[in-house]
Amino acid sequence: MTSRSPLALDELNRRFAIEGVVQIVSGNQGLPKVQIATPAASAEIYLHGAQLTSWVPAGSGEVIFLSERSKFADGSAIRGGVPICFPWFRNKADDPKAPSHGFVRTKTWELESVTRDVTQASHTVAVTLVTGSDDASRKWWPHDFLLRHRVTIGAELKMELTLTNTGQTRLTFEEALHTYHRVAAVGHVRIAGLDGVAYLDNTDANREKIQQGDIAFARQTDSAYLNTTHNLEILDPGLNRRILVAKRNSLTTVVWNPWQEGAKSLSDLGDEEWREMVCAEASNIRAFAVTLPPGEQHTMAATLRVAKLA
Ligand code: TA6
């Protein structure tokens, strides 16, 4: 796939805008973002990293956390929203100089399609963005691929990440939809759905442990739950809501909050913002990385829904 220069806004709107529903505008630091507004929900997706940064279902408040100090610049990841981690998660095992969480979250993706479904059952808009291998990616990862991110905006938020192996050899990759959920106060939040599941505790030399009951937050938390297809419920009494996360083709779930001490090392996170976010990430990492023969595809999906807590 050639890395064409990104299209100008007027050309992007000519090709993809839907009057009164979808437009492409100049976002933070002038980066192009897709703005979606329907009776069911509103949302924003930057072409930078194909990163969703807002989803507000009708009748609900903002569900996605975005740092007030986030950078919006080439080479930097947006802090918040849903960063796409690919083809590795965290540091690259064989190259400490490689970018954390891979290289696609700092690339400008291309808009491939914007479609609308206004049947009675659902008023949804689906935005598909695509990126692929190029000379720059092959320096880090010697494989040919096409990566599509299809985001369906409506009363639910559905994110589908599809990798196509366009090369001649099998490849193995890690992936994560690194979703930052907005919460009122992380110290009062619990995550249900992982009771009894084994996890690697990255705050304790990645020792393997077993989850006892719901996840509560009282310190830096960075846990990779293994061999689990379980759906999650993020229970937020402060906002009197549950965020339900359903996964498809994902065998690991990462849960992260930097807490006060971890936040100090993040210049793109406000001093107290760690209290208002929790990451719960559909993923395939570590021993559950995905191996794909030439020509094959793999889709991992996460679907979010919001409900009242009580
Ligand atoms: O998802 C948890 C995690 O892997 C943590 O270890 C922490 O590094 C977090 O991701 C954020 O990573 P980033 O590179 O975006 O600062």
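The model shown is predicted, which means the values in this text are computed figures rather than measured ones. (Residues numbered from 1 in each chain as written. Predicted model: local features only at pLDDT ≥ 70, side-chain atom pairs only at ≥ 80, totals over all residues. Heavy atoms only, no water.)

Some details on the overall build of the protein chain
Heads up, the rule is: The helix and strand labels rest on DSSP assignments: H or I over at least four residues marks a helix, E over at least two residues marks a strand, and numbering proceeds from the N terminus. Our radius of gyration is a C-alpha quantity, and the globule rule it is checked against amounts to 2.2 Å times the number of residues to the power 0.38. Categorising residues by exposure relies on relative accessible area from a 1.4 Å probe, with only protein chains included: less than 20% of the type maximum marks a residue as buried, more than 50% marks it as exposed, and the intermediate range marks it as partly exposed. Contacts are assigned to residue pairs with any non-hydrogen atoms lying within 4.5 Å of each other. Accessible surface is estimated by sampling points in the Shrake-Rupley manner with a 1.4 Å probe; for residues, cover comes only from the protein chains shown. For the charge count, each Lys or Arg is scored as positive and each Asp or Glu as negative, with His and the chain ends excluded. Taken as the charge centre is NZ of Lys, CZ of Arg, CG of Asp or CD of Glu, depending on the residue.
Of the regular secondary structure elements, the protein chain holds three helices and 23 strands. In terms of overall dimensions, the protein chain is globule-like: its C-alpha atoms have a radius of gyration of 19 Å, near the 19 Å expected for 310 residues. Within the span of the protein chain, comprising 310 residues, buried residues form 55% of the whole. Across the protein chain, every contact between residues at least 6 apart in sequence was considered, and the portion connecting residues at least 24 apart equals 64%. When the accessible surface of the protein chain is summed, it comes to about 13500 Å², and 47% of that surface belongs to carbon and sulfur atoms. Within the protein chain, one finds 33 positive and 35 negative side-chain charges whose respective centroids are separated by 1 Å.

Looking at the pairing of strand 19 (residues 241-248)
Our working rule: When DSSP locates at least two bridges between a pair of strands, those strands are taken to pair.
Across five bridges, the pairing between strand 18 (residues 232-236) and strand 19 is antiparallel. Opposite glutamate 233, over in strand 19, you have leucine 244 as the bridge partner. Hairpin connection, strand 18 to strand 19: the antiparallel pair is bridged by four residues, and asparagine 240 has positive phi, about 50°. With eight bridges joining them, strand 19 and strand 23 (residues 297-308) adopt antiparallel strand pairing. Among the inter-strand pairings, valine 245 is bridged to a residue of strand 23, identified as leucine 304.

Focus: the sheet that holds strand 4 (residues 51-57)
By way of backbone hydrogen bonds, the strands of a sheet pair with one another, either parallel or antiparallel. Rule in force here: Here an angle of 0 to 180 degrees is reported between the N-to-C directions of two axes, which are lines fitted to C-alpha atoms, with helices fitted over the stretch in contact.
Strand order in the open sheet made by the four strands is 1-2-3-4, with antiparallel pairing throughout. Looking at which strands have only one partner, the edges of the open sheet turn out to be strand 1 (22-26) and strand 4. Along the sheet, successive strands turn relative to each other by an average axial angle of 15°, direction set aside. Along the sheet, helix 1 (residues 9-16) makes contact with strand 1 and strand 2 (32-37), crossing strand 1 at roughly 170°.

Thoughts on unusual backbone geometry
Following phenylalanine 86, the chain continues into proline 87 via a peptide bond in cis, with omega recorded as -5°. The backbone of alanine 205 sits at a positive phi, close to 55°, despite the residue not being glycine. Locating alanine 205 in the fold gives a position in the loop between strand 14 (198-201) and strand 15 (207-210). Among the residues examined, alanine 205 registers a relative accessible area of 68% and is labelled exposed. Positive phi is not limited to glycine here, since asparagine 249 has a value of about 55°. In this structure asparagine 249 comes out as partly exposed when scored by relative accessible area, which is 42%.

Details of the pattern of salt bridges
Short version of the rule: A side-chain nitrogen of Lys or Arg and a carboxyl oxygen of Asp or Glu constitute a salt bridge if their distance falls within 4 Å.
Considering all chains together, one arrives at 22 salt bridges under this definition. Beyond isolated ion pairs, a larger network of salt bridges with shared partners links Asp201, Asp204, Arg207 and Lys209.

Some remarks on the site of the ligand
The criterion, for reference: Throughout, near means a residue has at least one heavy atom within 4 Å of the molecule or strand. Pairs of N or O atoms are called polar contacts if they sit within 3.5 Å, as long as, within protein, a hydrogen donor faces a hydrogen acceptor (for residues adjacent in sequence, only side-chain-to-side-chain pairs). Gly falls in the polar group here, along with every residue not listed as nonpolar (Ala, Val, Leu, Ile, Met, Phe, Trp, Tyr, Cys, Pro) or charged (Asp, Glu, Lys, Arg).
Surveying the vicinity of the ligand reveals the residues Arg79, Phe89, Arg90, Ser100, His101, Arg105, His178, Asn202, Asp222, Val254, Trp256 and Glu281. At 2.9 Å, a side-chain N or O of arginine 79 approaches an oxygen atom of the ligand. One of the side-chain N or O atoms of aspartate 222 is found 2.6 Å from an oxygen atom in the ligand. In the complex, 83% of the free accessible area of the ligand, which totals 390 Å², lies under the protein chains. Its residues assigned to classes, the shell around the ligand shows three nonpolar, four polar and five charged.

Looking at the sheet that holds strand 8 (residues 145-153)
Spatial ordering of the open sheet is given by 6-7-8-9-23-19-18-13-16, a layout of nine strands whose pairing is antiparallel. Unpaired on one side and paired on the other, strand 6 (110-117) and strand 16 (215-216) mark the two borders of the sheet. The pairing of strand 8 with strand 9 (residues 157-165) spans nine bridges and is antiparallel. Its bridge partner lying in strand 9, arginine 150 is registered against glutamate 160.

Quick notes on the side chain of arginine 90
By secondary structure assignment, the location of arginine 90 is in the loop between strand 5 (84-85) and strand 6. The buried category is assigned to arginine 90, whose relative accessible area is 18%. Within polar-contact distance, the side chain of arginine 90 engages the side chain of aspartate 222 at 2.9 Å. Among all residues touching arginine 90, those that are not within four sequence positions of it are Pro99, Ser100, His101, Asn202, Asn206, Asp222 and Val254.

Details of the environment of glycine 262
Relative to the helices and strands, glycine 262 resides in helix 3 (residues 259-263). For the pair glycine 262 and alanine 184, spaced 78 residues apart in sequence, the C-alpha to C-alpha distance is 19 Å.

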